[in-house]
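# Secondary and tertiary structure notes
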Amino acid sequence: MQPTPLSRRIAAGPLAIVAGFPIRFATVARYNASVLRRSGSWLWRSRENACFTYDLKTVNRDHLAWFSAAVTGRPAGELRDHLDEVEADTALREHMRSVLASGPRRRTCDHLVRYARRAAVYAVVRAMRPTHVVEAGVHRGITSCLIAAALLRNGHGRLTAVDIDPQSGELIRDEPYASVVDRVVGDSVAALADPRIRERGVDLVVLDTYVDDRHEAAELAAVLPALTDRAVVLSTTSHFLGSLAEWSESQGRAFLHFREDPAEHWHPGEGYGASFPRHDAGSPAAWSGGPA
């Protein structure tokens, strides 16, 4: 609506707050009605009570490709192709659906998995071609399975998946994904400090333990001696914890954060924080860790 001389006078006068209240109220009401509609739909059709899954809006998914490109130092188009690749992997999606539908927690999860930000881990693994990935915090193993699928596509590398819950990781117990995964049951800080991890070196770390900033800081301190020169660290808690950003600054590393914008879902979205070396733009080949 174009402002008129009268509306300009009202906006500049003492009645501006009163006159503007109906407009402000209508704006809030429209937003809350939209959230309520999506919430009601989700309550009816979804089984999830944690680790919510959803799709991303189209523009937000493109931002995820650019985020992954900045983290890996590879072209955005390449990362976009990897995101498309995992979405088109029907065998992977059917594996997840089948395992979740028959598992002991089948009544508290959706069997059709929507990857959202998790697809970035697949894309990063495909672009980096890491030799060794470590994930702290597995839960059902959606991210673990995406990492394993990317490693299998690469034909190179292994995943060490750490969780304190011995029942975690049902999605990575069967072939072919289990063939590239080493499961560790125990505390993530102790596991990351294991001398065997340091001996192998780590090219990519995914922190998904959701404890607190002190715990994540301890994880980062534990894994630091194992990180290779090209190592990337991703954290799912950087939208509410500052530990990875602070650690990145102290280590002279770059830091970025991606925030989700879910499509047709009540949840506001989470994100990924990424800590990575500052790239030499002239040498993208430095990010090819394994054989082509």
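Our structure is the block above this text.
Summary of the structure given here.

Calculation rules
- Residues numbered from 1 in each chain as written.
- Predicted model: local features only at pLDDT ≥ 70, side-chain atom pairs only at ≥ 80, totals over all residues.
- Heavy atoms only, no water.
- Salt bridge = Lys/Arg side-chain N within 4 Å of Asp/Glu carboxyl O.
- Buried < 20%, exposed > 50% of the residue type's maximum accessible area, 1.4 Å probe, protein only.
- Pairing = 2+ DSSP bridges.
- Helix = DSSP H or I, 4+ residues; strand = E, 2+ residues; numbered from the N terminus.
- Axes fitted to C-alpha atoms, helices over the stretch in contact; angles between N-to-C directions.
- Contact = heavy atoms within 4.5 Å.
- Core = buried A, V, L, I, M, F, W, Y, C linked by side-chain atoms within 4.5 Å.
- Arc of directions from axis to C-beta.

## Thoughts on the pattern of salt bridges
Throughout the structure, instances matching the rule amount to 19 salt bridges. Notably, a salt bridge pairs Arg-214 with Asp-212, separated by 3.9 Å at the nearest N-O pair. According to the relative accessible area criterion, Arg-214 is exposed, its value standing at 66%. Each member of the salt-bridge network shares a partner with another, and the members are Glu-85, Asp-89, Arg-126 and Arg-153.

## Observations concerning the sheet that holds strand S2 (residues 158-163)
If you walk across this open sheet you meet the seven strands as S3-S2-S1-S4-S5-S7-S6, and the pairing is mixed. Unpaired on one side and paired on the other, strand S3 (181-185) and strand S6 (254-259) mark the two borders of the sheet. Neighbour-to-neighbour, the strand axes of the sheet open up by a mean angle of 15°, direction not taken into account. Examined bridge by bridge, S2 and S3 share five bridges and lie parallel to one another.

## As for the side chain of Ser-235
With respect to the element layout, Ser-235 can be found in strand S5 (residues 227-235). Excluding residues within four positions of it along the chain, Ser-235 makes contact with Leu-207, Glu-216, Leu-244, Gly-271, Tyr-272 and Gly-273.

## So, the nonpolar core
Grouped together as the largest cluster of nonpolar side chains are 56 residues, with contacts concentrated most on Leu-92, Met-96, Tyr-115, Leu-146, Ile-147 and Leu-204. Sorting elements by how many residues they give to this core places helix H6 (residues 119-128) first, with nine residues. Those residues in contact with Ile-147, other than ones at most four positions away along the chain, are Val-121, Val-125, Val-133, Glu-135, Leu-159 and Val-206. Leu-227, Ala-231, Leu-244 and Trp-247 belong to the second-largest nonpolar core, a separate cluster that totals 16 residues.

## Points about unusual backbone geometry
A cis amide bond links Glu-175 with the next residue in sequence, Pro-176, at an omega value of 5°. Its place among the elements puts Pro-176 in the loop between S2 and S3. In the Ramachandran plot, Ala-116 falls in the positive-phi region, its phi being about 50° despite a non-glycine side chain. Here Ala-116 lies in the loop between helix H5 (90-102) and H6. By relative accessible area, Ala-116 is classed as buried at 7%. With a phi close to 55°, Arg-129 is a non-glycine residue in the positive phi region.

## What to know about helix H11 (residues 243-250)
Residue pairs spaced three or four apart in an α-helix point in one direction, given the helix's 3.6 residues per turn. All buried positions along H11 are accounted for by Ser-243, Leu-244, Trp-247 and Ser-248. Around the axis of H11, the buried residues are gathered within 130° of arc, so they sit on the same side. Turned more than 90 degrees away from the buried face of H11 sit Glu-246, Glu-249 and Ser-250, all of them exposed. Buried residues belonging to H11 abut helix H10 (213-223), S5, S6 and strand S7 (271-276). Backbone geometry just downstream of H11 places Gly-252 in the positive-phi region, at approximately 70°.

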